[in-house]
Amino acid sequence: RYYLSAGGEVVDLDVPQFQDGQQLRRLKVQEATASIGAARQLSTWGLLAGSFSYGVGRQDVRVGPELGEDADYTIARAQAQFSYDTVDNVDFPTDGETFDLTNVWSLSDLGADNDAIALSGVTSTTNSWGRTTLRAQVSGGTTFDSDEVARDGYSLGGLFGLSGYAERELRGDTFGYGSLIAYRNFGEQGVLFDLPLYLGGSVETAAIWNRGEG
């Protein structure tokens, strides 16, 4: 039930930044990190894990005004995570609960450009009545001791992350989010395979802000 892990990741993203509902700038963010970790599986329902990541990154302005910070930065990050998961399907669950709590430390003593502590969590419950399923989810997070570098903090926007807003349109160091999703399986069950067909909708609410702004 114990295991070790090691890996690497290369990220190349276009990241929009908005102000008052209008796109202020578009960033090109590139990161390369290596990580090591250890974890313990908790029966069939949970996980305790810790990891450390180290790497470098660069963010350049593609469109819009320049940033008031260095383009190059160093990543030195420790993470601890507890996960509880009893859902019966990753994509379209019909039953079960989830709870995930994650704490991330950005460590300037180990080379990171800034100090920050980010604590976030998400929980959900799923229940079905025949082919109809209702899923409720609540999540939230906050960042402590951040030097307010633009890449720190959280973002909302996009499908099932405050649908109706552009991807990552809303940013802040603290957020709360809730959703209620309902869907029904209209698919047919065949002899050899199933043909799932889902129809549904969601209601979402959220708040995101910077604590220093009151």
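Residues numbered from 1 in each chain as written. Predicted model: local features only at pLDDT ≥ 70, side-chain atom pairs only at ≥ 80, totals over all residues. Heavy atoms only, no water.

**Description of the packing of aromatic side chains**
Then, in step 1: Counted by the stated rule, this structure contains 6 aromatic pairs.
Then, in step 2: Judged by centre distance (5.5 Å) and plane angle (50°), the ring pair of Trp 45 and Tyr 84 falls under tilted. On the criterion of sequence distance, the pair formed by Trp 45 in the loop between strand E2 (22–42) and strand E3 (46–63) and Tyr 84 in strand E4 (residues 72–85) is long-range, its members being 39 residues apart.
Then, in step 3: The partly exposed category is assigned to Trp 45, whose relative accessible area is 34%.
Then, in step 4: When the ring of Phe 82 is compared with that of Phe 99, the centres are 6.3 Å apart and the planes differ by 55°; the resulting orientation is tilted. Of the two residues, Phe 82 is situated in strand E4 and Phe 99 in strand E5 (residues 96–106); the sequence distance between them amounts to 17 residues.
Then, in step 5: Judged by relative accessible area, which is 26%, Phe 82 ranks as partly exposed.
Then, in step 6: For Phe 99, a relative accessible area of 34% translates into the label partly exposed. (Phe/Tyr/Trp six-rings, centres within 6.5 Å; stacked < 30°, edge-to-face > 60°. Helix = DSSP H or I, 4+ residues; strand = E, 2+ residues; numbered from the N terminus. Buried < 20%, exposed > 50% of the residue type's maximum accessible area, 1.4 Å probe, protein only.)

**Observations regarding the pattern of salt bridges**
Then, in step 1: A complete count under the given rule lists 4 salt bridges for this structure.
Then, in step 2: The residue Lys 28 makes a salt bridge to Asp 12 at a minimum N-O spacing of 2.9 Å. With Lys 28 in strand E2 and Asp 12 in strand E1 (residues 2–19), this residue pair connects regions lying 16 residues apart in the sequence.
Then, in step 3: Classification of Asp 12 by relative accessible area gives partly exposed; the value is 47%.
Then, in step 4: Between Arg 62 and Asp 14 there is a salt bridge whose closest N-O contact spans 2.9 Å. One end of the pair, Arg 62, is in strand E3; the other, Asp 14, is in strand E1, and 48 residues separate them in sequence.
Then, in step 5: Within the structure, one salt-bridge network assembled from shared partners comprises Arg 58, Asp 60 and Asp 72. (Salt bridge = Lys/Arg side-chain N within 4 Å of Asp/Glu carboxyl O.)

**Looking at the side chain of Ser 124**
Then, in step 1: If you trace the backbone, Ser 124 turns up in strand E6 (residues 116–129).
Then, in step 2: The class of Ser 124 is buried, set by a relative accessible area of 3%.
Then, in step 3: Residue contacts for Ser 124: discarding those within four places in its chain leaves Gly 96, Glu 97, Thr 98, Arg 135, Ala 136 and Gln 137. (Contact = heavy atoms within 4.5 Å.)

**Considerations on the environment of Gln 17**
Then, in step 1: Mapping Gln 17 onto the fold places it in strand E1.
Then, in step 2: Looking at Gln 17, the relative accessible area reads 10%, which means it is buried.
Then, in step 3: C-alpha separation for the pair Gln 17 and Ala 38, spaced 21 residues apart in sequence, amounts to 35 Å.

**Some details on the pairing of E1**
Then, in step 1: As judged from the 18 bridges shared by E1 and E2, these two strands associate in the antiparallel manner. Note on E2: the bridge partner recorded for Ala 6 is Ile 36.
Then, in step 2: Between the end of E1 and the start of E2, which pair antiparallel, lie 2 residues, with Asp 20 showing a positive phi angle near 55°. (Pairing = 2+ DSSP bridges.)

**Quick word on unusual backbone geometry**
Then, in step 1: Backbone geometry places Ser 43, a non-glycine residue, at a positive phi of 50°.
Then, in step 2: Within the secondary structure layout, Ser 43 lies in the loop between E2 and E3.
Then, in step 3: Phi is positive for Leu 162, close to 100°, though the residue is something other than glycine.
Then, in step 4: In this fold, Leu 162 is placed in the loop between strand E8 (154–156) and strand E9 (170–172).

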